[in-house]
Structures are given as C-alpha cells and as structure tokens.
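# Observations on the model geometry
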Amino acid sequence: MKEKLVIIGANDFQNQLILKAKSLGYETHVFAWEEGAVGAKYADFFYPISIVEKEQILKKCKEIKPDAVISVASDLATITVNYLTNNLGLTGNSLECTKISTNKYEMRKAFKENGVAVPQFVELTSFEEISKIKNMKTPIIVKPTDRSGSRSITKIEDLTKIDELKNAISEAINTSFEKKSIVEEYIVGDEFSAECISYEGNHILLTVTRKQTTGAPHFIETGHIQPAGLSKEMISKIEKEVVKGLNSLKIKNGASHTEFKITPNGDIKIIEIGARMGGDCIGSDLVQISTGYDFLKMVIDVGLGNKPDFTKVVKPKKAIVKFIFTEK
C-alpha cells in the first residue's frame, strides 16, 4: 500500500514537490485554491480548499490518514503544515516555531533574545506611530511583518521626507496579513541566503546562494547563483551563525532558507529565516544542480520522520537563475 503525502499548495513551486513525490511512488493529496493550481492535474487527489482553511483541511486529513504533511517555498503554507502535523501527530515544527518564524517582528525578538545580531527595529500598526523611529539611524528598511518574496519593501534614506515615509509604511501595512509593518535600520553588505535541511534539531548547511537584486528602494530579487563563491572559512562562519538563528526560532525539521548579509568588515548579519525552501527555483532546482543533493526528496524524507538522504543524484555544476522584468 502506498504511503500518503498531503501537500499544501499547488502553484509552480509546489508542483515540483508533487511531481517528485509521484516519481518516488507516493500517493499525493493536494490542497489549494483552484485558481492558479497548476499542480492540480498532476495530483492523485486534489481538493479545491484554500491553504488558509486549516480546520477544513484537518477534517479531510483525518479521513485521508496521511503519513506526512509537507510543503515548500511558502511561509503561508508552513503555517498550515505545522498546524496539521501537530494535530495529526506527524513530523513537523512546533506551533511556537510557526509563530516566530512567519512573523518578522517576532523573529527579530527571538534573535535578540538568543544572541543573534540584529539591527534596531520597531513594529508599527499605523503611520501615526512614527515617533517610535525618530531616533533610528538612517537609512531604514520598511516592510510587512508577515509577507515574503520582497513584497512592499522600501529603503528610506531621509526621515524628514514625510510623504515618502508615509507611503512606505502604509504600503507595508496594507500588504501585511495582520496589517502591521516592521521598520529596522539598514544593514550594509552583499546579500546571500543559506539553504539547509534539519532533522530532529540537527541542521545541515547544503549550500549558500549569492543574490542579485534591483537594489534600493525595493530590493526585488532578479537572480540567484550557486555556489556563492565564498571561502571555506567564510562558509564555516556563516554556518555557525545560521545554526544559531535556526535554534533561536526552534526549527527542528525540514528545509530552511536564511537570508543574510556579509558586511564590509566580514560580519554575518541575518535578515530573516523561513522554515521552508527558498522560492524563485532556489530550493526546487538550484540546490540539486549545484550540490547534487535531491533537496525535494529530503523534505519528503524528513516529513515522513526519516533521516534525509545525502546521496548525490547528479554531478554538481554551477547553477544560475535570472528573472526578466519590464520597467513596470
């Protein structure tokens, strides 16, 4: 009898997971909003239920009796995954981990409490609270507390430009699910991400990604390169700081994507950590090309409560993805 996997989400990134699960012989049960669900036609069973309808999905899962509940590249899906694994007694992360790893303000607080270096930061629920940031060093970064994918991120150079500041804060609050923004001092340095797999609290750094962005003011990611071309000494330094960050967020199982900067003097400054694969094809495609490791299979292995498999399935090569944009 086939083992059953519940997969939360069915967009392009999740479809890679659906296809991988099917190729490995698992029975796939996929939940997603029907619009844009490209993975629906590949799933063994598709349920047109929005991934935020946790209770409705749980009710169906009790009928399915899955062996694992998994997802990749989505903070929103992660919330539902951990809700389900906790209620079904399956492998995942705690609800406390969910809370602090999907909210940038809670994450910053957890980092600070556990000795991970963070810039000065405040939470705002409206523009009227800007007195909280009057003593911050400029430039500052404004972003929603609970969104990913570079949504509504703005760099502000001058706090006296009230209209610019108001627009940035208002946009971040409006984009946020909980209608809150976080404002923090800007970290100078080159931007990277660390791609890891964790199993029962043991964290393995698979590779480091060098990021390309549009730069200020919105920092939209335009491409990614693996490997990042860093020294062994720097990789070791990164791994130490990333593990500290993962532990501070109580991440125990599954993939993670840590965004960080290396400052001009060589310090590692963690920006944020997602308890899931990186999007933009980073986790689903680049990691396997650049390392040889089947990262998608690792997510499935851990979801089933098994150790991740570090067999190299392809010869490692340099991996690059670039995105084409219009000016708009």
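Everything below is about the structure printed above this text.
Moving on, we get to the environment of Asp75. Tracing the backbone through its elements, the reader meets Asp75 in helix α3 (residues 75-88). Take Asp75: its relative accessible area is 13%, and that puts it in the buried class. Each C-alpha atom, one on Asp75 and one on Asn103, is 9.3 Å from the other, the two residues being 28 residues apart in sequence.

Across soluble globular proteins, nonpolar side chains have a tendency to be buried as a group. Membership of the largest hydrophobic core comes to 29 residues, with the highest contact counts inside it found for Leu5, Phe295 and Ile300. At the level of elements, β1 (4-8), α1 (12-23), β4 (68-70), β9 (190-199) and α9 (295-303) are the ones that each hand at least two residues to this core. At 6 residues, the largest contribution of residues to this core is made by α9. Setting aside residues up to four positions removed in sequence, Leu5 forms contacts with Ala21, Tyr26, Glu27, Thr28, His29, Ala68, Ile70, Ile300 and Leu304. Counting residues in hydrophobic clusters, the runner-up holds 24 residues, among them Val116, Cys196, Met234 and Ala275.

Viewed as axis vectors pointing N to C, helix α2 (residues 54-64) and α3 meet at an angle of 45°, and their least axial separation amounts to 10 Å. Between α2 and α3, the interaxial angle falls into the category oblique. As α2 runs across α3, the sense of the crossing is right-handed. Of α3, the residues touching α2 (which contributes Lys54, Glu55, Ile57, Leu58, Cys61 and Lys62) are Ile79, Thr80, Tyr83, Leu84, Asn87 and Leu88. Grouping the constituent residues of the contact of α2 with α3 by class yields 7 nonpolar, 2 polar and 3 charged.

The 6 strands lie next to each other as β13-β12-β9-β10-β11-β14, forming an open sheet whose pairing is antiparallel. Only two strands of the sheet have a single neighbouring strand rather than two, namely β13 (268-274) and β14 (319-322). Taking each pair of neighbouring strands and ignoring which way they run, the sheet shows an average axis angle of 25°. Where strand β12 (residues 254-262) and β13 come together, 6 bridges link them in antiparallel fashion. By the bridge assignment, Thr258 is partnered in β13 with Ile273. Taken strand by strand, helix α7 (residues 232-248) contacts β9, β10 (202-213), β12 and β13, and its axis lies near 45° from that of β13.

With respect to burial, helix α8 (residues 282-291) is a largely interior element, 7 of its 10 residues being buried. Restricting attention to buried positions, one finds in α8 the residues Ile282, Gly283, Ser284, Leu286, Val287, Ser290 and Thr291. Once α8 finishes, Gly292 follows within two positions and takes phi at roughly 90°, a positive value.

Mapped onto the elements, Asn114 comes out in the loop between α5 (104-113) and β5 (121-124). A relative accessible area of 43% means that Asn114 is categorised as partly exposed. Linking Asn114 and Ser248, residues 134 residues apart in sequence, is a C-alpha distance of 5.8 Å. Dropping the residues within four chain positions of it, Asn114 is found in contact with Lys244 and Ser248.

What follows covers the pattern of salt bridges. The final tally for this structure, using the stated rule, is 16 salt bridges. Residue Lys211 is joined to Glu221 by a salt bridge in which the shortest nitrogen-to-oxygen separation is 3.4 Å. With Lys211 in strand β10 and Glu221 in strand β11 (residues 221-226), this residue pair connects regions lying 10 residues apart in the sequence. Neither residue differs from the other here; Lys211 and Glu221 are each classed as buried. For Lys297, the salt bridge identified is with Asp309, shortest N-O distance 3.5 Å. Note that Lys297 is positioned in helix α9 and Asp309 in the loop between α9 and β14, a separation of 12 residues in sequence. Take Asp309: its relative accessible area is 30%, and that puts it in the partly exposed class.

Basis of the calculations
Counting of residues starts from 1 at the beginning of each chain's written sequence and follows it residue by residue. Totals for whole chains, interfaces and linings use all residues, but because this is a predicted model, local features are given only for residues with pLDDT of at least 70 and pairs of side-chain atoms are given and counted only at 80 or more. Side-chain calculation: all heavy atoms of the structure are included, whereas hydrogens and water are not. Think of it this way: any DSSP run of H or I at least four residues long counts as a helix, any run of E at least two long counts as a strand, and we number them from the N terminus. Categorising residues by exposure relies on relative accessible area from a 1.4 Å probe, with only protein chains included: less than 20% of the type maximum marks a residue as buried, more than 50% marks it as exposed, and the intermediate range marks it as partly exposed. Among buried residues, the Ala, Val, Leu, Ile, Met, Phe, Trp, Tyr and Cys ones that are joined through side-chain atoms within 4.5 Å form a nonpolar core. A contact between two residues is defined here by any heavy atoms of the two lying within 4.5 Å. Helix axes are fitted only over the stretch in contact, all axes being lines through C-alpha atoms; the angle between N-to-C directions runs from 0 to 180 degrees. Geometric relationships in this document are graded by angle, where less than 35 degrees denotes roughly parallel, more than 145 denotes roughly antiparallel, 65 to 115 denotes roughly perpendicular, and other angles denote oblique. Two helices crossing with the near one rotated counterclockwise from the far one by less than a right angle form a left-handed crossing, whereas a clockwise rotation gives a right-handed crossing. Each residue is assigned to one class: nonpolar for Ala, Val, Leu, Ile, Met, Phe, Trp, Tyr, Cys and Pro, charged for Asp, Glu, Lys and Arg, and polar for all the others, Gly among them. The pairing criterion for strands is at least two bridges between them, as found by DSSP. A pairing counts as a salt bridge when a side-chain nitrogen of Lys or Arg comes within 4 Å of a carboxyl oxygen of Asp or Glu.

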